[in-house]
Amino acid sequence: MNALDDMVSLARSAFEQAHTPTELENAKAQFLGKSGRITELMKGLATLSVDEKKSQGAAINVAKQAIESALQERRAALAEAELQTQLKAEALDVTLPGRERPAGGLHPVSLTLERIEAIFGSMGFDVADGPEIESDWFNFTALNTPADHPARSMHDTFYVEGGSPDAPNLLRTHTSPMQIRHAVQHVKRHRAALDAGQGMPEIRVIAPGRTYRVDSDATHSPMFHQCEGLWIGENVSFKDLKHVFTDFCRTFFESDDLVLRFRPSFFPFTEPSAEIDIQFQSGPLAGRWLEVAGSGQVHPNVVRNMGLDPERFIGFAFGMGPDRLTMLRYGVNDLRLFFDGDVRFLSQFR
Ligand code: DAH
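Residues numbered from 1 in each chain as written. Predicted model: local features only at pLDDT ≥ 70, side-chain atom pairs only at ≥ 80, totals over all residues. Heavy atoms only, no water.

1. Some details on the pairing of strand 10 (residues 314-320)
Two faces belong to every sheet, and in a regular strand the side chains alternate between them. In terms of residue burial, strand 10 counts as a mostly covered element, since five of its seven residues are buried. In terms of strand pairing, strand 9 (residues 290-298) meets strand 10 through five bridges, oriented antiparallel. Within strand 10, the position partnered with Ser295 by the bridge is Phe318. (Buried < 20%, exposed > 50% of the residue type's maximum accessible area, 1.4 Å probe, protein only. Helix = DSSP H or I, 4+ residues; strand = E, 2+ residues; numbered from the N terminus. Pairing = 2+ DSSP bridges.)

2. Topic: the site of the ligand
Around the ligand, 15 residues are found, and the nearest of them are His174, Ser176, Arg213, Gln226 and Glu228. A distance of 2.6 Å separates an oxygen atom of the ligand from a polar atom in the side chain of Glu228. Contact with the protein chains hides 90% of the accessible area of the ligand, taken as 350 Å² for the molecule alone. Counting only elements with at least two residues in the shell around the ligand, the list comes to strand 6 (223-233), strand 9 and strand 10. Each residue belonging to the shell around the ligand can be placed in one class, and the counts come to four nonpolar, nine polar and two charged. (Near = heavy atom within 4 Å. Polar contact = N/O pair within 3.5 Å; in protein donor to acceptor, adjacent residues only side chain to side chain. Areas by Shrake-Rupley, 256 points an atom, 1.4 Å probe, with all protein chains shown as cover. Nonpolar A, V, L, I, M, F, W, Y, C, P; charged D, E, K, R; others polar.)

3. Observations concerning the packing of aromatic side chains
Counted according to the given criterion, the structure contains 17 aromatic pairs. When the centroid spacing of 5.9 Å and the interplanar angle of 50° are considered together, the rings of Phe338 and Phe345 count as tilted. Overall, the relative accessible area of 2% leaves Phe338 in the buried class. Geometry around Phe252 places Arg115 over its ring, the cationic atom sitting 5.3 Å from the centre. One Lys or Arg, Arg329, reaches over the ring of Phe252 and ends 5.8 Å from the middle of that ring. (Phe/Tyr/Trp six-rings, centres within 6.5 Å; stacked < 30°, edge-to-face > 60°. Lys NZ or Arg CZ within 6 Å of the ring centre and 35° of its normal.)

4. A word on the domain arrangement of the chain
According to the domain assignment, the chain consists of domain 1 (2-89) and domain 2 (108-349). Each of domain 1 and domain 2 has a C-alpha centre, and the two are 92 Å apart. (Domains from an automatic or database assignment.)

5. Regarding the side chain of Ser176
Turning to its location among the elements, Ser176 is positioned in the loop between strand 4 (167-171) and helix 7 (177-189). You can call Ser176 buried: its relative accessible area is 4%. Polar contacts involving the side chain of Ser176 include one to the side chain of Glu228, which spans 2.9 Å. Ignoring any residue separated from it by four or fewer positions in sequence, one finds Ser176 in contact with Leu143, Glu228 and Phe269. (Contact = heavy atoms within 4.5 Å.)

6. Comments concerning the sheet that holds strand 2 (residues 133-135)
Spatial strand order, 2-4-3: three strands in an open sheet with antiparallel pairing. Looking at which strands have only one partner, the edges of the open sheet turn out to be strand 2 and strand 3 (159-164). Going across the sheet, the axis of each strand differs from the next one's by a mean of 30°, ignoring polarity. Two elements, strand 3 and strand 4, share four bridges in a ladder whose sense is antiparallel. In the strand pairing of strand 4, Val160 is matched with Asn169. (Axes fitted to C-alpha atoms, helices over the stretch in contact; angles between N-to-C directions.)

7. Considerations on the packing of helix 2 (residues 21-32) against helix 4 (residues 50-89)
Two elements in contact, helix 2 and helix 4, have axes whose closest approach is 11 Å; the angle formed by their N-to-C orientations is 175°. Judged by the angle between their axes, helix 2 and helix 4 are roughly antiparallel. Every residue of helix 4 that contacts helix 2 at Pro21, Leu24, Glu25, Lys28, Phe31 and Leu32 is listed here: Lys64, Ile67, Glu68, Leu71, Arg74, Arg75 and Leu78. Here the contact of helix 2 with helix 4 is composed, by residue class, of seven nonpolar, no polar and six charged. (Parallel < 35°, antiparallel > 145°, perpendicular 65-115°, else oblique.)

8. Digging into helix 4
End to end, helix 4 covers 58 Å across 40 residues, agreeing with the expected 58 Å (1.5 Å per residue, within 8%). Of the residues making up helix 4, those classed as buried are Gly57, Ala59, Ile60, Ala63, Ile67, Ala70, Leu71, Arg74 and Leu78. Buried residues along helix 4 sit in contact with helix 1 (2-17), helix 2 and helix 3 (37-44). (Expected span 1.5 Å × (residues − 1).)

9. Quick notes on the pairing of strand 7 (residues 259-267)
Here strand 7 runs beside strand 8 (residues 270-279); their pairing, made up of eight bridges, is antiparallel. In the sheet register, Phe262 faces strand 8, and the bridge partner there is Ile276. Here strand 7 folds back onto strand 8, and the loop between the two strands holds two residues.

10. Considering the pattern of salt bridges
All told, the structure shown has 16 salt bridges when counted by the stated rule. For Lys43, the salt bridge identified is with Glu40, shortest N-O distance 3.6 Å. Here the residue Lys43 and the residue Glu40 both occupy positions in helix 3, the gap between them amounting to three residues, near one helical turn. Residue Glu40 is classed as partly exposed on the basis of its relative accessible area of 38%. Arg344 is the partner of Asp342 in a salt bridge, and the nearest nitrogen-oxygen pair spans 2.7 Å. Residue classification places Asp342 among the partly exposed positions, given a relative accessible area of 28%. On the basis of relative accessibility, which here comes to 66%, the residue Arg344 falls in the exposed class. Residues joined in a network through salt bridges with shared partners are Arg261, Arg263, Asp277 and Glu291. (Salt bridge = Lys/Arg side-chain N within 4 Å of Asp/Glu carboxyl O.)

11. A short note on the nonpolar core
Counting 30 residues, the largest nonpolar core has Ile116, Phe120, Phe245, Phe248, Ile278 and Met320 as its most contacted members. Where this core is concerned, the elements lending two or more residues are helix 5 (108-122), strand 6, helix 9 (238-252), strand 7, strand 8, strand 9, strand 10 and helix 11 (322-330). If you tally residues by element for this core, the top one is helix 9, at six residues. Excluding anything up to four places from it in sequence, Phe245 contacts Leu260, Ile276, Val292, Ala293, Phe318 and Met320. (Core = buried A, V, L, I, M, F, W, Y, C linked by side-chain atoms within 4.5 Å.)

Right, dumping it as structure tokens:
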């Protein structure tokens, strides 16, 4: 029976030396397989007497069971080892610092636009949005801008494909075309009432957005922002413009002692026209007049192009530069910083 004990320990050490399931199955085959040692021993029983068969057979079975349980043990050990390796590979060190995903923020000019919309919104103004590729009609003609006006020159305006030679398409040079677009829609909605001699709700709107001119230096960029304002009714005057714009500036800059000056000027689409200058009474910009907008009473020809009778409807318009307002509010001295996309600059406004 010593031979059988030896075989069991031989099997055990063969199993121990197997380090993968495949190696283990190969080792198993040597002992328990079809031509394995145990199987061979079983076959040898055939030649023995009945008594010998009984005792030998029982002894072989004991050895076989010992080998089988050694095999089971090793299988379990290998499976456990594999599980441990896998767990180790997938281990998460929850004590490591997290990967930072910095929070983004709105662009300073977007902050200004939101601020403008909120302030004018609180004064009952709608916000309108319109195309950046405009037709000659909306950008110039409807705004009473004559054919020989310098703003129409190739040096000032980006003309684009489409349109006809006498009515080319262009990147809008200002947000003023939105005066016409918005007013025409408004008037259309109230056409029946107007034709019946009734009134219409006042037009009160701002139109912020991108505008384009052939221009580039520290204070000019080929793409810049404007915000148009329009207020048309039967009883709207320059006094209302002064009131609204003063309120706006004081709220925007959070400064009650800010002073405004309306300086006579000229725009084809307003008569009379004025540049609006502001002056801070304290702070780094105190005492200087700073131009922030163009404005005026809407020209009768423009009122007519809106589909309204200029004898009955009157109002004012203004156009301001949100980029410049942003520079003044935050003390930025180069407009190009807004469009460089440098996060070191932009992250200061988060
Ligand atoms: N569109 C003018 C410009 O770009 C600004 C402007 C002036 C707008 C007077 C107005 C206005 O609405 O009334 O220079």
